[in-house]
Amino acid sequence: MRNPISPPHDDTSKGIPGKAIVTFKCARSDANVWHRSELGHACGPTEGLGSLATCVYRADHPGPIIVRARFCAVTDSRDISHLSAQEFAQRINERSIIVQPLGALEQHGPHLPLATDSIIAESVARDGVQLAASRGVDAWLLPTLTFSKSNEHAWCPGTIWLSAATMQAVVCDIGRSVSTSRCRKLVFLNGHGGNSSLISMMNRELRLQFGLMTFLTHPSLPADQGGGSDSGESGMGIHGGHDETSLMLHLRPDLVDMSKAKRSIPEEMKENTYVRFGGSVQFGWLSNDFDESGVIGDPEGANAAHGSHGYENAVNAFCGALLEIDAYNVRGG
């Protein structure tokens, strides 16, 4: 069964006209801590962060229905989409850094939702931007690009993917649009490993065509691109495995079904030195080449505590990257 997020049935609403006071448990909160908040508003800070609930209210239900809960820094919004055109022109300047989260809508095995990469990328981007802003970086967030180059999962219905040519054109248009502002720095926070090579190439194209200083980073570097993987995965946990499932148990446990989480590692490759995920020889692959589930990793031991630790590291690392990007410059830049 999925892990529900639900409020207790007592004292969930005070029936104040125009306001709904809710009591809720945030997905990324301590096990028995319940928070009270106005509908859609941040409540008191917890270790520098506040809990934000997105709810719906029905007359036939005894209290608000929690449809999303997440942490966000208690500060002014850094969402570009929340600005008017006039505010954008006033607030986005030469010191600004615009962050474009990249996700995907693709199969992640039977235990994780299609939007896994988008959820992780957007959460890390949002909290990292807020943390960097609190340290003096003028960082701003674009809406997450949910569809991307996911054709390694094209075999599975539900995967919505863009071709390499389409993805390049989209990224080029984003760069062109950003270049019409005073902002000179564009950061791609990429939650889907299948985008990495393409975005790395496009960073140089955007630099050349539009004069932007461009950057690529990840919530965590994929194992097949030099990043780490749980020891039980033989260094090949790249999709739907221990770390990714743990992050989702931390961020959105209501969307995870651990009863369907099964280990799937290409065991025949684990003794290889060169031809393996993370080895020096790259190879073309589809996610169902090794198992019909599409999982490449071992999610069975995933847990929210590991996900919480990984998430904190990811947010702090992204904030650190933004601090260095803020200081970065080029000759004549």
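The shown structure was predicted, so the numbers you read here are calculated from the model rather than taken from an experiment.

Caption draft 1: Representation of the overall build of the chain in the model. Looking only at helices and strands, the chain has six helices and eight strands in total. The helix and strand sequence of the chain, counted from the amino end, reads β-β-β-β-α-β-α-β-α-β-α-β-α-α. Classification of the 333 residues of the chain by burial places 47% in the buried group. Once local pairs closer than 6 in sequence are excluded, the contacts in the chain between residues at least 24 apart make up 70%.

Caption draft 2: Fine view of the side chain of Asn195. Summarising the element assignment, Asn195 is placed in the loop between strand E7 (185-190) and helix H4 (196-210). The class of Asn195 is buried, set by a relative accessible area of 1%. Contact partners of Asn195, with chain neighbours within four places excluded, come to Leu102, Gly103, Ser148, Lys149, Met167 and Asn190.

Caption draft 3: Focus on the packing of aromatic side chains. Applying the stated rule across the entire model yields four aromatic pairs. Ring geometry for Phe215 versus Tyr328: centroids 5.3 Å apart, planes at 85°, classification edge-to-face. With Phe215 in strand E8 (residues 213-217) and Tyr328 in the segment after helix H6 (304-327), this residue pair connects regions lying 113 residues apart in the sequence. Relative to Trp285, the ring of Phe277 has its centre 5.3 Å away and its plane inclined at 90°; by these criteria the two rings are edge-to-face. An aromatic cluster is defined as three or more aromatic residues linked by ring pairs; in this entry it consists of Phe277, Phe283, Trp285 and Phe290. In this arrangement the basic side chain of Arg78 is found over the ring face of Trp140, its NZ or CZ atom lying 4.0 Å from the centre.

Caption draft 4: Examining a nonpolar patch on the surface more closely. Where nonpolar side chains cluster on the molecular surface, the patch consists of Tyr274, Val275 and Val281 and spans about 270 Å² of accessible area. Mapped onto the elements of the fold, Val281 is located in the loop between helix H5 (242-251) and H6. The exposure class assigned to Val281 is partly exposed, which follows from its relative accessible area of 37%.

Caption draft 5: Structural detail: the pattern of salt bridges. Applying the stated rule across the entire model yields eleven salt bridges. For Asp257, the salt bridge identified is with Lys260, shortest N-O distance 3.9 Å. A relative accessible area of 43% places Lys260 in the partly exposed class.

Caption draft 6: Fine view of the sheet that holds E7. Ordered in space as E6-E5-E7-E8, the four strands form an open sheet in which the pairing is parallel. Edge positions in the sheet fall to strand E6 (139-141) and E8, since each has one partner strand and no second. For this sheet, the mean inter-axis angle between neighbouring strands, taken without regard to orientation, is 25°. As defined by bridge partners, E7 adjoins E8 across five bridges and the pair is classed as parallel. Bridged to Val187 within E8 is Phe215. Together, strand E5 (97-102), E6, E7 and E8 form the strand contacts of H6, whose direction differs from that of E7 by roughly 160°.

Caption draft 7: View of the environment of Asp127. Looking at where Asp127 falls in the secondary structure, it is placed in helix H2 (residues 116-134). Among the residues examined, Asp127 registers a relative accessible area of 5% and is labelled buried. Sequence spacing of Asp127 and Glu312 is 185 residues, and the spatial spacing of their C-alpha atoms is 9.7 Å.

Conventions adopted
Residues numbered from 1 in each chain as written. Predicted model: local features only at pLDDT ≥ 70, side-chain atom pairs only at ≥ 80, totals over all residues. Heavy atoms only, no water. Helix = DSSP H or I, 4+ residues; strand = E, 2+ residues; numbered from the N terminus. Buried < 20%, exposed > 50% of the residue type's maximum accessible area, 1.4 Å probe, protein only. Contact = heavy atoms within 4.5 Å. Phe/Tyr/Trp six-rings, centres within 6.5 Å; stacked < 30°, edge-to-face > 60°. Lys NZ or Arg CZ within 6 Å of the ring centre and 35° of its normal. Patch = residues over 30% accessible without salt bridge, like charges linked within 9 Å, V, L, I, M, F, W, Y side chains within 5 Å. Areas by Shrake-Rupley, 256 points an atom, 1.4 Å probe, with all protein chains shown as cover. Salt bridge = Lys/Arg side-chain N within 4 Å of Asp/Glu carboxyl O. Pairing = 2+ DSSP bridges. Axes fitted to C-alpha atoms, helices over the stretch in contact; angles between N-to-C directions.

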